[in-house]
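# Chains, contacts and geometry: an overview
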Amino acid sequence: MGKTYVALAVVAAALPSARETGRPVIVMMPPGLASKWQREWDHFRASCCARPEALSWVRDVPIESPIELIRKLELPENRRPHLIWMTTGSFGKALEDPWIKLAFIRLARRHTRMDEETRKSLCKWATSLVRLKSEWRLTPELVERLLTTELERWGDILIHEGILEADGEALVPESLLELRDKLPWSELVAQLHDVPGRRGPVSEQRLKESRQAFTRVCQGVYRAWLACAGWRASLLVLDEAHHAKNDSTRLARLLRSEDAELLEDGGVGAERPLLWDKFDRMLLLTATPFQLGHHELIRVLRTFAAVHWSGPAAPDFSRERFLTELEELEGRLDANRRGARRLDQLWGRLERERVAPGDGAFAVHLREWWARVNGTGPRSALEQEIFQAVEDCRQSRARAESDPLRPWASLRTWVIRHNRPTELATRTDGERVPRRVVRPGRALCDTAERNEVAFDGLPLATESALPFLLAARAQGELAHGSARARAFFAEGLCSSYEAFHHTRDNRGDARDVDDDGVEVPVGQEASGGRVRVWCRCHGTRSGSHRSSRASPLRRPRDSPTPSCALSWSGPSTSGRPGRKC
């Protein structure tokens, strides 16, 4: 069972509470995974529950915007969703709802007076400004009536005119009505006095400029409204949480702030994240390593500071205590990394002849050498340093992983590492079968069933080395350029190039997402002509392995990998372990 199903089990456990409190469970994922999560949920409640009907009462809906979320949460209890699917880019989208923009105009008019000419121009061009021109029943006369009527009565008017259905959702959320006196209207008021049509005919260019300016100021009001909206959710499940590892990304800014401690103290001027205090609990999911070290992990863990930190469901300690303990955890991980670097330096000084002075299997000599160094046998000065460095690494690791006295300063409190069992089901003859047989380096070429440690890597011939050199060069070009995308071939993918392209082809045009959760279109994964040299040298198009040109250059694992895999049957037929090549 993968992390998705483990997370769905957590969701299922939280849903009864969500039904009682009226606060839903929200699952956020990159756009390309939205349909997958919904399919997995349908399969989970049909196949993973003791009773298939156990979760039949759950109402789950996909939602594309914060306004839609607020509208859903204001529905009567018998229609309100319990489980909501949203993409990570939902809260970063610009305001597109034309009725909310028209409602903004109505609310801004409460703070100003207009002459007759400005009022008539506003009623005439309002549908163009908010992009409701296609609604032919919304005449200037009806617009004027709406702009002089309280928002609470808009629904009745539009239902009477046949524009809205009687049993539909509220056009203007109650949340906006409650916060109307707390939102900044000054810029929008000024923009309404510059409405087109007050000084002669309106050109397409003039209308375009007015619409752009109007949209910009509406966006400011919209963001202020979302920041003040009082909705709550019982649980947030954030998939692909590693996209929030950098504080500068939009996804991270939704949940984290550099002013977190200032916010905790009630400081003036602190930037409040949009989703601050919105969730009672959070579960962050990722299967992607943090490539630049544990500091990326610490930044993701700081996301937990955004949970609702008051009430009976709040954590035991304060938000300030949480941030302090994370600093301590970061210091412990720093100490472990320094120890690892020290050990690496000492190990580099160790000569092979010191470990295996005679003939025979190197693996046997290595085990004998370490048994002496790690035991009570004599040690040289270098061996003593290596022994002490190993002990320091073990101790610093243990302190960072678990601490009963300061559990919030240890990884075990915050990180749940989901590992599959290391063994398959026991065979009928009683033999326990490992899930995988590890064959590093040269051992991959050995098709026998024994598992020997190899200390030599696969040889790199001249042509085989080229993909690796190109990958390093391309990543260097991106590092010095302005492209925000990742070089998909610079993370070890050059040794599994065809398999990587196969997965990309199965995803359609939603190739990758950046750290903001925004899809990277085809051909833009790595911008710049010098970067695309990778695909040209491999006889492929950017983003696809299909090509009429020559087949890609051979890589060092092209031959050993399929030969090794084909020499073994799958575990379903033989009970043998699978292979990670």
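Residues numbered from 1 in each chain as written. Predicted model: local features only at pLDDT ≥ 70, side-chain atom pairs only at ≥ 80, totals over all residues. Heavy atoms only, no water.

## Quick notes on the sheet that holds strand β2 (residues 60–62)
- Sheet architecture is open: five strands sit in the order β2-β3-β1-β4-β5, paired in parallel fashion. The strands lining the two open edges of the sheet, one partner per strand, are β2 and β5 (282–284). The average angle at which neighbouring strand axes cross in this sheet is 15 degrees, direction not considered.
- Relative to strand β4 (residues 235–238), strand β1 (residues 25–29) runs parallel, the two sharing four bridges. The residue bridging Met28 from the neighbouring strand is Leu238, located in β4.
- Contacting β1, β2, β3 (83–87) and β4, helix α2 (residues 34–47) crosses the sheet at an angle of about 155 degrees to β3. (Pairing = 2+ DSSP bridges. Helix = DSSP H or I, 4+ residues; strand = E, 2+ residues; numbered from the N terminus. Axes fitted to C-alpha atoms, helices over the stretch in contact; angles between N-to-C directions. Contact = heavy atoms within 4.5 Å.)

## Thoughts on helix α1 (residues 3–21)
- Taking 1.5 Å per residue, 19 residues should reach 27 Å; α1 reaches 27 Å between its end C-alpha atoms and fits that length.
- When the local axis directions of α1 are compared, the greatest deviation, roughly 35 degrees, occurs at Ala14, which is followed within four positions by the proline Pro16.
- Turning to α1, its buried residues are Thr4, Tyr5, Ala7, Leu8, Val11, Ala12, Ala14, Leu15 and Ala18.
- Of the surrounding secondary structure, the elements contacted by the buried residues of α1 are β1, α2, β3, β4 and β5.
- Gly22 sits one or two residues past α1 and shows a positive phi near 80 degrees. (Expected span 1.5 Å × (residues − 1). Bend = angle between axes of the 7 residues up to and from the residue. Buried < 20%, exposed > 50% of the residue type's maximum accessible area, 1.4 Å probe, protein only.)

## Digging into the packing of aromatic side chains
- On inspection of all chains with the given rule, the structure shows 17 aromatic pairs.
- Between Trp37 and Trp85, the ring centres sit 6.4 Å apart and the planes meet at 45 degrees, which makes this aromatic pair tilted. Taken together, the positions of Trp37 in helix α2 and Trp85 in strand β3 put the pair 48 residues apart, joining distant regions of the chain. Accessibility classification places Trp37 together with Trp85 in one group, the buried group.
- Geometrically, the ring pair formed by Trp41 and Phe44 is stacked, given 5.9 Å between the ring centres and 15 degrees between the ring planes. On the criterion of helical spacing, the pair formed by Trp41 and Phe44 is a turn pair, its members being three residues apart in helix α2. Considered together, Trp41 and Phe44 belong to a single accessibility category, that of buried residues.
- Chaining the aromatic ring pairs together yields one cluster made of Phe304, Trp309, Phe317, Phe322, Trp408 and Trp414.
- Between Arg19 and the ring centre of Trp57, over which it is positioned, the NZ or CZ distance is 3.8 Å.
- Sitting over the ring of Phe317, Arg321 keeps its end group 4.1 Å from the ring centre. (Phe/Tyr/Trp six-rings, centres within 6.5 Å; stacked < 30°, edge-to-face > 60°. Lys NZ or Arg CZ within 6 Å of the ring centre and 35° of its normal.)

## Topic: the packing of α1 against α2
- Interhelical geometry of α1 versus α2 gives an angle of 65 degrees and a closest axis separation of 10 Å. As far as their axial angle goes, α2 and α1 are roughly perpendicular. Taken as a pair, α1 and α2 cross one another with a handedness that is right-handed. Residue-level inspection shows Thr4, Tyr5, Ala7, Leu8, Ala9, Val11, Ala12 and Leu15 of α1 in contact with α2, the latter providing Lys36, Trp37, Glu40, Trp41, His43 and Phe44.
- Partitioned by chemical class, the residues of the contact of α1 with α2 number ten nonpolar, two polar and two charged. (Parallel < 35°, antiparallel > 145°, perpendicular 65-115°, else oblique. Left-handed = near helix turned anticlockwise from the far one by under 90°. Nonpolar A, V, L, I, M, F, W, Y, C, P; charged D, E, K, R; others polar.)

On their own, these measurements won't tell you what the molecule is for.
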